[in-house]
Amino acid sequence: MSLKQFVGAVTLSSALVAPALADNHLHTSTVFSDQNKNSETRVIFVPEDQNISFSNWSSAVNNAVSRAAAIEEFTGKAAQLTSVVAPEGTQANHLLLAGVGNPAEMSRFEAEKLGAAIAAALNSESETVVFDTRLIGNPGLAAEISARAAHGIDLRNYRFDRYQSEPEARPQTTYHWLVNSPDSAEKHYQASRAIAEGVFVARDITALPGSDGYPKAIVELAQEAMKDLDIEITVVTPEQVEKMGMGLLHSVSQGSQHGSYLLAAHYKGSNDDPVALVGKGNTFDTGGYNLKTSSSSIVRMQTDKAGAGAVIGTVMALAAQKAPVNVVAVAPLSHNLISGSATLPGDVVKAGDGTLVEIVNTDAEGRLILGDGNWYANDTYQPRAIANIATLTGSKVRALGNEYGALFASDKGLRDSIIKAGETTGEKVWEMPLDAYEGIIDSSLADIRNIGSPGVQAGAAFLKHFAGDTPWVHVDMAGDAMVSSATGIHPAGPTGYGVRLLTEWVLQLD
Ligand code: BES
Ligand code: MN
Ligand code: ZN
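What you see is a predicted model; the values in this text were computed from it and never measured.

Trainee: How would you sum up a nonpolar patch on the surface? Please name residues and give values.
Mentor: A surface patch of nonpolar side chains, about 330 Å² in accessible area, is lined by Tyr 289, Leu 291, Ile 338 and Leu 344. Residue position: Leu 291 is located in the loop between strand S10 (281–285) and helix H10 (295–298). What makes Leu 291 partly exposed here is its relative accessible area of 40%.

Trainee: An account of the domain arrangement of the chain is requested, with residue identities and associated values reported.
Mentor: Parsing the chain into structural domains produces domain 1 (29–192) and domain 2 (208–508). Computed over C-alpha atoms, the centres of domain 1 and domain 2 are 38 Å apart. Counting residues at the interface gives 15 residues for domain 1 and 16 residues for domain 2. Here domain 1 meets domain 2 over a buried area of about 1300 Å², counting both sides, of which 59% is carbon and sulfur. At the junction of domain 1 with domain 2, the criterion picks out two salt bridges. Linking Arg 500 and Glu 112 is a salt bridge whose minimum nitrogen-to-oxygen distance equals 2.5 Å. At the level of secondary structure, the elements contributing two or more residues to the side of domain 1 that touches domain 2 comprise helix H4 (108–121) and helix H5 (139–157). The biggest single contributor to the side of domain 1 that touches domain 2 is H4, with five residues. Looking at side-chain class alone, the side of domain 1 that touches domain 2 contains seven nonpolar, two polar and six charged residues.

Trainee: Before we move on, can you summarise the coordination of the manganese ion (ligand 2) with the specific residues and values?
Mentor: The protein atoms donating to the manganese ion (ligand 2) are Asp 285 (OD), Asp 363 (O), Asp 363 (OD) and Glu 365 (OE), with metal-donor distances spanning 2.1 to 2.2 Å. Taken together, the six donor atoms coordinating the manganese ion (ligand 2) and their angles of 72 to 171° define a geometry best described as irregular. We note that the donor set of the manganese ion (ligand 2) lies within a single chain, spaced as D-x77-D-x1-E. Between the manganese ion (ligand 2) and the zinc ion (ligand 3), a separation of 3.1 Å is found, and both are coordinated by Asp 285. Residue class for Glu 365 comes out buried when judged on its relative accessible area of 0%.

Trainee: Give me the lowdown on the environment of Gly 455, citing residues and values where you can.
Mentor: Position of Gly 455 among the secondary structure elements: in helix H15 (residues 455–467). Between the C-alpha atoms of Gly 455 and Thr 362, which are 93 residues apart in sequence, the distance is 14 Å.

Trainee: For the pairing of strand S6 (residues 174–178), give the residues involved together with the corresponding values.
Mentor: For S6, the buried fraction is high: four of the five residues fall into the buried class. Where strand S1 (residues 29–33) lies against S6, five bridges are found, and the strand directions are parallel. Bridging from a neighbouring strand, Phe 32 pairs with Trp 177 of S6. Pairing analysis gives five bridges linking strand S5 (residues 128–132) to S6, with the strands arranged parallel.

Trainee: So what about the packing of helix H12 (residues 366–381) against H15? Which residues, and what values?
Mentor: Direction vectors running N to C along H12 and H15 enclose 25°, while the axes themselves pass 8 Å from each other. Of the possible angle classes, the one that applies to H12 and H15 is roughly parallel. Remark: the crossing between H12 and H15 carries right-handed chirality. Note on element contacts: H15 touches H12 through Gly 455, Ala 458, Gly 459, Phe 462, Leu 463, Phe 466 and Ala 467, opposite Arg 367, Leu 368, Leu 370, Gly 371, Asn 374, Trp 375 and Asn 378. Counted by class, the contact of H12 with H15 contains eight nonpolar, five polar and one charged residues.

Trainee: Lay out empty space enclosed by the protein in plain terms, naming residues and giving numbers.
Mentor: Applying the stated rule across the entire model yields three cavities of 30 Å³ or more. The computed volume of the largest cavity comes to approximately 80 Å³. Around the largest cavity, the lining residues are Ser 251, Val 252, Gly 288, Tyr 289, Asn 336, Leu 337, Ala 342, Thr 343, Ile 359, Thr 362, Glu 365 and Leu 368. Of the residues in the lining of the largest cavity, the class split is six nonpolar, five polar and one charged.

Trainee: Break down H15 for me, citing the residues and quoting the values.
Mentor: Taking 1.5 Å per residue, 13 residues should reach 18 Å; H15 reaches 19 Å between its end C-alpha atoms and fits that length. Burial analysis of H15 places 10 of its 13 residues in the buried class, which makes it a mostly covered element. Taken residue by residue, H15 has Val 456, Gln 457, Ala 458, Gly 459, Ala 460, Ala 461, Phe 462, Leu 463, Phe 466 and Ala 467 as its buried positions. Phi turns positive, to about 60°, at Gly 468, one or two residues after H15.

Trainee: Give a detailed account of the coordination of the zinc ion (ligand 3), specifying residues and quantitative values.
Mentor: Of the protein atoms, only Lys 280 (NZ), Asp 285 (OD), Asp 304 (OD) and Glu 365 (OE) coordinate the zinc ion (ligand 3), at distances of 2.0 to 2.4 Å. For the zinc ion (ligand 3), the six donor atoms are set out with angles of 79 to 173° between them, so the coordination reads as octahedral. Mapped onto the sequence, the donors of the zinc ion (ligand 3) take the spacing K-x4-D-x18-D-x60-E.

Reading guide: rules and limits
Residues numbered from 1 in each chain as written. Chains lettered and ligands numbered in written order. Predicted model: local features only at pLDDT ≥ 70, side-chain atom pairs only at ≥ 80, totals over all residues. Heavy atoms only, no water. Patch = residues over 30% accessible without salt bridge, like charges linked within 9 Å, V, L, I, M, F, W, Y side chains within 5 Å. Areas by Shrake-Rupley, 256 points an atom, 1.4 Å probe, with all protein chains shown as cover. Salt bridge = Lys/Arg side-chain N within 4 Å of Asp/Glu carboxyl O. Helix = DSSP H or I, 4+ residues; strand = E, 2+ residues; numbered from the N terminus. Buried < 20%, exposed > 50% of the residue type's maximum accessible area, 1.4 Å probe, protein only. Domains from an automatic or database assignment. Contact = heavy atoms within 4.5 Å. Buried area = accessible area lost by both parts, 1.4 Å probe. Nonpolar A, V, L, I, M, F, W, Y, C, P; charged D, E, K, R; others polar. Donors = N, O, S within 2.8 Å, 3.2 Å for Na, K, Ca; no water. Tetrahedral: all angles 85-135°; square planar, octahedral: opposite > 155°, others 65-115°. Pairing = 2+ DSSP bridges. Axes fitted to C-alpha atoms, helices over the stretch in contact; angles between N-to-C directions. Parallel < 35°, antiparallel > 145°, perpendicular 65-115°, else oblique. Left-handed = near helix turned anticlockwise from the far one by under 90°. 1 Å grid on protein atoms, 1.4 Å probe; cavity = no way out; pocket = protein on both sides within 12 Å on 5 of 7 lines; lining within 4 Å. Points joined across faces, edges and corners; volume = space filled by probe spheres on them. Expected span 1.5 Å × (residues − 1).

Shown next as structure tokens:
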């Protein structure tokens with residue numbers, strides 16, 4: 001290691017968390033207006049097979065643009081993006097033609113993805129980009145598609161760059177959306193802006209390296225992120241975790257200098273019974289004494305707190321849009337490390353609800369902290385439903401890869417609504433069976449054990465035990481927390497998976 005690298009590392013570990021707390025994620029601005037404007041780049045939304053023709057362009061200009069589009073074989077089919085040199089008289093130097101297919105059939109997620117693709121294609125040095133959506137015709141539809149696409153742009157423009165000494169400048173573009181109903185577009189956009197901020201905080205939480213993003217640091221990050229919102233935060237310290245009897249949560253951090261915390265964030269926007277979102281916040285997963293011994297399995301295990309990010313981000317998204325819902329995020333936070341005081345395989349530990357658990361494998365730690373998280377949620381909030389979300393099992397990744405989350409549910413209504421929310425947001429979930437796996441976590445030594453086969457079902461069965469009689473869903477999001485290269489609405493890095501899914505789910509629950 002060179003001296004320069006060494007000095008850099010020292011600077012980071014001492015000064016990192018502070019700037020992490022203060023990130024204002026986007027440096028762009030988004031304006032909806034019915035006023036036309038000149039700009040370097042002009043993006044034109046074009047329905048399929050529609051003439052590209054504007055009354056404020058001369059017929060020669062209209063013909064030239066149509067000809068350029070035809071030469072490039074641009075038809076306006078959904079997601080088609082074609083850049084053409086702008087003829088004089090088009091109020092721009094570059095035209096980007098964006099196909100919207102049949103706009104009445106364009107899904108919310110398609111519009112978001114189109115926006116993301118435009119963000120990826122745009123020259124980030126453009127100061128102002130005008131979006132002309134007038135060819136869509138129906139002003140209400142144009143407003144909605146514009147707001148969705150603007151959301152996709154925002155999601156794609158996120159950067160986790162605080163570990164770069166010279167980060168690439170973030171886009172500072174003003175996006176000027178030319179729409180006939182600017183107020184309607186603005187209203188849709190404000191709700192999605194709240195969601196975007198929740199996604200960004202979830203991404204920040206997910207990406208923070210394990211030595212900087214230990215339980216207490218995540219508590220502080222979340223407190224700072226939520227400080228201007230109407231959210232009641234409860235911090236359960238390591239001493240209180242132990243005193244309250246949450247032995248499972250306590251046990252996972254026993255080998256670390258950083259004790260386990262539990263963070264609860266309650267947004268009460270209605271008088272209904274609350275929905276509890278309980279997300280896995282294992283801030284690093286070495287596996288404990290069941291050590292993850294291959295470099296490919298231990299690497300990126302800082303993302304094992306993505307479930308906590310998802311639930312915190314969701315409550316932020318709902319609070320920021322003042323949604324009429326009662327929702328609480330519960331994030332048990334642990335640091336699964338090794339030392340002379342770490343839990344040993346075979347130890348028996350008492351859960352908050354009194355269950356005696358044989359910890360056969362210290363690498364099956366997510367279910368341990370969530371078990372106590374579910375108990376805490378039930379005991380403190382008497383919720384109408386519990387949703388677990390967690391990077392829980394390698395078995396899930398083998399079964400579904402990263403295109404779907406694995407869904408388990410004890411309640412048909414909850415199941416149907418979360419599948420629907422997955423389709424709406426593009427954060428899709430696929431239901432897995434649990435009914436035929438009776439006895440899967442039976443123990444001959446204690447009450448239950450923390451592993452079983454098949455792995456994805458054993459994890460789910462364990463969580464269900466601690467949900468008790470409360471209607472329950474569980475999304476195993478292993479593999480979904482991070483992408484290695486930019487794709488769709490995600491820049492390379494943490495995805496914030498779960499925020500869009502759970503926000504939509506809670507909003508649609510009746
Ligand atoms: N955090 C891991 C699951 C994981 C694996 C997430 C790969 C993302 C990518 C979890 O704590 C774990 O280690 N699960 C084990 C459990 C096993 C030991 C019963 C697994 O699934 O391999
Ligand atoms: Mn593990
Ligand atoms: Zn884990």
